[in-house]
Amino acid sequence: MDFDTIILGAGAAGMMCATRTGGRTLVVDHAKNPGEKIRISGGGRCNFTNMYAEPRNFLSQNPHFCKSALVRYTQWDFIELVDQHGIAWHEKTLGQLFCDGSSKQIIAMLVSEMERAGAELWLKTALVDLAKTESGYRLTLDKDGKRVTASCRNLVLATGGKSIPKMGATGLAYEIARQFDIPVTETRPALVPFTFPEGRFKPLAGVATPTRLSNDHASFDEALLFTHRGLSGPAVLQLSSYWREGEEIHVNLDPEGTLLDALRNQRQKSGRKALTTELSNHLPARLVDALKTDIEMDGNLADQSDAKLQVLCAALADWRLTPSGTEGYRTAEVTLGGIDTNALSSRTMEVTSVPGLYVIGEAVDVTGWLGGFNFQWAWSSGHAAGTAI
Ligand code: FDA
């Protein structure tokens, strides 16, 4: 069977690409349903983009690479598409846009746009063999147990990254890259919780608090969540993309810097109150209790000199921890790194050394922050390749 374009992967990027390619397009996926990660994203409501998306929200060995695609298909373009399909949405926080109803609406929208563009979708279809031919590519596929040969001029790799293998994530794009001598940067789990030695935060599991979480590379003002295994929550997921094994993280439990004044005021008003009681008005009580072992906080407010309060607040503003690791690809929302952007055209996403081969979405070494940025990259890069084809 002959196609103009075959897209491997019916995820966010692959489906968007298929809505733009024109000609005879086939989208192939080994899963039973398209867009499985869209379905589970954003707690079932899909944080489909971010109003403030811009290149600084993306990590890559070449931070300029994402600019061209992002500017040619912006968050506003995707919002317009969502509006055209009558999907109601809302901003949750920090520009993050979610469906009011269900993430399935985004999948249905993409599937109907693919149908409108005339693209075929083969699910439960795995790639058995891929060969370069004079005019393009020949794929041997296992389509629901049957061998099928399909050829195409343009081949698009949209099989995503390695995160959540249970959901069908594979390193196929990286394997194909190796077949064609395309460089792949180091890949690692990102947007992933930190782990600590067993039991470290067990008594605090479920406690959440606002923080400024930072290390030498980045800083995020968002919530921190203690878990049975370690630390999670948006601040942690964000920082995990900038963290390497063995590095310390700094937890600022007083991100607004108002604690010292608040304690001084209370010392004047109710000096006989225990310091820990007053601290529990500013931090979760269970956290205060746990911190007592690390930070000196005995006595009443009246017992605290200004100097003592300053030392206490400084300690709470710079609690240093060294994670033992991360939860890995099992729970990571994305894969950091991927197909080296030096091998790709930033305008078309085509591999410069292999005409007709394109790479889009998470498979590329472009990784967004938490908050709708990764889907925006999938839409923008899918659009770039689709319109170029
Ligand atoms: P994606 O993973 O979407 O699609 C790849 C497709 O290729 C899949 O359909 C897969 O089945 C298929 N495939 C893989 N290997 C194959 C093979 N060997 N043969 C055939 N097919 C194969 N981002 C965001 O912006 N907002 C959010 O709310 C969330 N939430 C979120 C929650 C969770 C739990 C996760 C794991 C991830 C997120 N993300 C997110 C990240 C987001 O899901 C991700 O960045 C995009 O789905 C990437 O789009 P792609 O199309 O590149 O890959």
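Residues numbered from 1 in each chain as written. Predicted model: local features only at pLDDT ≥ 70, side-chain atom pairs only at ≥ 80, totals over all residues. Heavy atoms only, no water.

1. Thoughts on the packing of aromatic side chains
Following the criterion strictly, the structure yields 15 aromatic pairs and no others. Centroid distance Phe48 to Phe78: 5.8 Å. Interplanar angle 50°. Geometry classified as tilted. Taken as a pair, Phe48 in strand β3 (residues 47-50) and Phe78 in helix α4 (residues 75-84) lie far apart in primary sequence, 30 residues in all. A residue is classified by how much of its surface remains accessible, and Phe48, at 0% relative accessible area, is buried. Pairing Trp369 with Phe373 gives two aromatic rings, centres 6.3 Å apart and planes at 80°, and the pair type is edge-to-face. (Phe/Tyr/Trp six-rings, centres within 6.5 Å; stacked < 30°, edge-to-face > 60°. Helix = DSSP H or I, 4+ residues; strand = E, 2+ residues; numbered from the N terminus. Buried < 20%, exposed > 50% of the residue type's maximum accessible area, 1.4 Å probe, protein only.)

2. Focus: the sheet that holds strand β13 (residues 208-214)
The strands that make up a sheet are held in pairs by hydrogen bonds between backbone atoms, and each pair lies either parallel or antiparallel. One open sheet accounts for seven strands, arranged β17-β16-β13-β14-β15-β12-β18; its pairing is antiparallel. Every interior strand has two partners, whereas the edge strands, β17 (319-321) and β18 (325-326), have only one. Where β13 meets strand β14 (residues 219-226), seven bridges bridge the pair, whose relative direction is antiparallel. Residue pairing for β14: Thr211 is matched across the bridge by Glu222. The sheet strands contacting helix α11 (residues 306-317) are β16 (249-252) and β17, and the helix crosses β16 at an angle near 125°. (Pairing = 2+ DSSP bridges. Contact = heavy atoms within 4.5 Å. Axes fitted to C-alpha atoms, helices over the stretch in contact; angles between N-to-C directions.)

3. Considerations on the confidence of the model for the protein
Regions with low pLDDT carry predicted coordinates that are not meant to be interpreted in detail. Scored by pLDDT, the protein comes out at a mean of 97, with 100% of its residues at no less than 70. The ipTM assigned to the predicted complex is 0.99, against a pTM of 0.96. (pLDDT = per-residue confidence, 0-100.)

4. With respect to the UniProt feature "domain: RsdA/BaiN/AoA(So)-like Rossmann fold-like" (unreviewed entry) in the protein
The positions UniProt marks with the feature "domain: RsdA/BaiN/AoA(So)-like Rossmann fold-like" (unreviewed entry) are residues 4-387. The distance separating the terminal C-alpha atoms of residues 4-387 is 13 Å; by composition the span is 28% helix and 24% strand. (UniProt positions renumbered as here; feature names shortened; annotations may be inferred.)

5. Notes on the UniProt feature "domain: RsdA/BaiN/AoA(So)-like insert" (unreviewed entry) in the protein
The UniProt entry lists residues 188-334 under the feature "domain: RsdA/BaiN/AoA(So)-like insert" (unreviewed entry), expressed in the numbering used here. Between the end C-alpha atoms of residues 188-334 there is a gap of 9 Å, over a span that is 29% helix and 22% strand.

6. Notes on the site of the ligand
Near the ligand lie 29 residues; those nearest to it are Ala13, Asp29, Thr170, Glu362 and Phe375. Note that a nitrogen atom of the ligand is positioned 3.3 Å from one of the backbone N or O atoms of His30. A distance of 3.4 Å separates an oxygen atom of the ligand from a polar backbone atom of Asn374. Contact with the protein chains removes 91% of the 990 Å² of surface that the ligand exposes when unbound. Every element with two or more residues in the shell around the ligand is listed here: α1 (12-18), α2 (36-40) and α12 (373-388). Broken down by class, the residue content of the shell around the ligand amounts to 12 nonpolar, 13 polar and four charged. (Near = heavy atom within 4 Å. Polar contact = N/O pair within 3.5 Å; in protein donor to acceptor, adjacent residues only side chain to side chain. Areas by Shrake-Rupley, 256 points an atom, 1.4 Å probe, with all protein chains shown as cover. Nonpolar A, V, L, I, M, F, W, Y, C, P; charged D, E, K, R; others polar.)

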